[in-house]
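Read off the chains here:
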Amino acid sequence: MPDRALEGRRAVVCGSTQGIGLACAIAIAGRGAAVTLFSRDRERLEGALASLPGEGHRVRVADSRDTDAVRRAGREEAALGPVHVLVNNTGGPPGGAIVDATPEEFLEAFRSHLLASHVLVQAFLPGMKEARYGRILNVISTSVKQPIPGLGVSNTVRAAVASWAKTLSLEVGAHGITVNNLLPGYTRTQRLTSIAAARAGAAGVPQETILAGFESEVPAGRFGDPSELAALAAFLAGPEAGYVNGVSIPVDGGRTLAL
């Protein structure tokens, strides 16, 4: 019998046209939730919608870099009824040494990651409190435990989101709401390919060489699949995870050395 633990619940999944975001949307819909796919590209959202199992799904368009637009979209979604599950997820900032980063690059990253997540939580929190049920999941990076060389802006903003999430978990836990972070390691996504391409170009070596080097760092001996992180997201979204709160969980094949 299919697991329908999220039947009657509504979920919003950000950055859900591809990769980890789409995989999370599919997994959460598979547990019975009505899912709103949230991203900036309507055409790609409409295409992704067809891959979701179940019924009652929709799309919502806003660019994470535009805080006012995200806030409006969140309020419009909340007006339709309580949102019980929020998956904050967006593409990572460009790579590069932190010393070379411009103030504008930091500001854009904070808008896309921290501020977009924050205004959505503000929009959905009243409904979660009323329902006495909320699951806020943030897809971040293993860099919150172990900074990744060459990703200076990303390391900085991911750590900020993790601290924001931990603080939020302390404030909302008494309302039946949990806040947790998922930390993907090397996962077969467009993000991994773009990072490998940039490093290959800088080093003057084939992209396959960079990817092989990445893979050699993983004790599991392979890259992850988005569906593997999505399975954790679907669990954390469910009622059985109600006592898991304020944690950051790596999904990285054992690569992260920090405890």
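Please read all numbers here as calculations on a predicted model, not as lab measurements.

What counts and how
- In every chain, residue numbers begin from 1 and rise along the written sequence.
- Since the coordinates come from a predicted model, pLDDT governs what is reported: local features require at least 70, and pairs of side-chain atoms require 80 or more to be given and counted, while whole-chain, interface and lining totals use all residues.
- To get the side-chain values, take all heavy atoms of the structure and skip hydrogens and water.
- What makes two strands pair is DSSP finding at least two bridges between them.
- Labels follow the DSSP assignment, with helices taken as runs of H or I lasting at least four residues and strands as runs of E lasting at least two, numbered in each case from the N terminus.
- Note on geometry: axes are lines fitted to C-alpha atoms, helical ones only across the stretch in contact, with angles between N-to-C directions running from 0 to 180 degrees.
- In this description, contact between two residues means that some pair of their heavy atoms is separated by no more than 4.5 Å.
- For the purposes of this section, nonpolar cores are sets of buried Ala, Val, Leu, Ile, Met, Phe, Trp, Tyr and Cys residues that join through side-chain atoms within 4.5 Å.
- Residue exposure (1.4 Å probe, protein chains only): buried if accessible area is under 20% of the type maximum, exposed if over 50%, otherwise partly exposed.
- The criterion for an aromatic pair is that two Phe, Tyr or Trp rings (for Trp, the six-membered ring) have centres within 6.5 Å, with stacked assigned to planes under 30 degrees apart, edge-to-face to planes over 60 apart and tilted to the rest.
- For a lysine, the NZ atom is tested; for an arginine, the CZ atom; a charge sits over a ring if that atom is within 6 Å of the ring centre and within 35 degrees of the ring normal.
- Salt bridge, as used here: a side-chain nitrogen of Lys or Arg that lies within 4 Å of a carboxyl oxygen of Asp or Glu.

So, on to the sheet that holds strand β5 (residues 134-139). On the basis of which strands lie adjacent, the open sheet formed by 7 strands has the order β3-β2-β1-β4-β5-β6-β7 and parallel pairing. Since the sheet does not close on itself, it has two edges, and those belong to β3 (58-61) and β7 (248-251), each with one partner. Ignoring strand direction, the axes of neighbouring strands in this sheet form an average angle of 20 degrees. As judged from the 5 bridges shared by strand β1 (residues 10-14) and strand β2 (residues 34-39), these two strands associate in the parallel manner. Bridging across to β2, Val12 finds its partner in Thr36. Along the sheet, helix α2 (residues 42-49) contacts β2 and β3; its crossing angle with β3, the most-contacted strand, is approximately 160 degrees. With respect to the sheet, helix α5 (residues 152-172) is in contact with β4 (85-88), β5 and β6 (177-184), its orientation differing from that of β6 by roughly 160 degrees.

In this structure, Ile28, Val35 and Leu37 are the most contacted members of the largest nonpolar core, which totals 32 residues. Secondary-structure elements contributing two or more residues to this core are β1, α1 (19-30), β2, α2, β4, β5 and α8 (226-236). By size, the runner-up hydrophobic cluster in this structure holds 28 residues, among which are Val83, Ala116, Val119 and Ala123.

Under the defined criterion, the tally for this structure stands at 2 aromatic pairs. Plain terms: the ring middles of Tyr186 and Phe214 are 4.6 Å apart, the flat faces sit at 20 degrees to each other, and that makes the pair stacked. A residue pair is termed long-range when its members are at least 10 positions apart, and Tyr186 in the loop between β6 and α6 (190-203) and Phe214 in helix α7 (residues 207-216) qualify at 28 residues. Judged on exposure class, the residue Tyr186 and its partner Phe214 are both buried. Ring centres of Tyr186 and Phe223 lie 6.1 Å apart, and the angle between their planes is 80 degrees; this geometry places the pair in the edge-to-face category. Of this pair, Tyr186 sits in the loop between β6 and α6 while Phe223 sits in the loop between α7 and α8, and the two are 37 residues apart along the sequence. Here the aromatic residues Tyr186, Phe214 and Phe223 are joined through ring pairs into a cluster of three or more. Over the aromatic face of Tyr133 sits the side chain of Arg9, whose NZ or CZ is 3.9 Å from the ring centroid. Above the ring of Tyr133, the side-chain terminus of Arg135 is found at 4.2 Å from the ring centroid.

A separate point is the pattern of salt bridges. The tally for this structure, following the rule as stated, stands at 14 salt bridges. A salt bridge links Arg42 to Glu46, with the nearest nitrogen and oxygen atoms 3.8 Å apart. You can see Arg42 and its partner Glu46 sitting in helix α2, 4 residues apart, about one turn around the helix. One salt bridge connects Arg222 with Glu228, and the closest N-O pair in it is separated by 2.7 Å. The class for Arg222 is partly exposed, based on a relative accessible area of 43%. Judged by its relative accessible area of 35%, Glu228 is partly exposed. By sharing partners, the salt bridges in this structure join Arg10, Arg58, Arg60, Glu76 and Glu77 into a single network.

Limitation: the analysis is restricted to geometry and does not speak to function.
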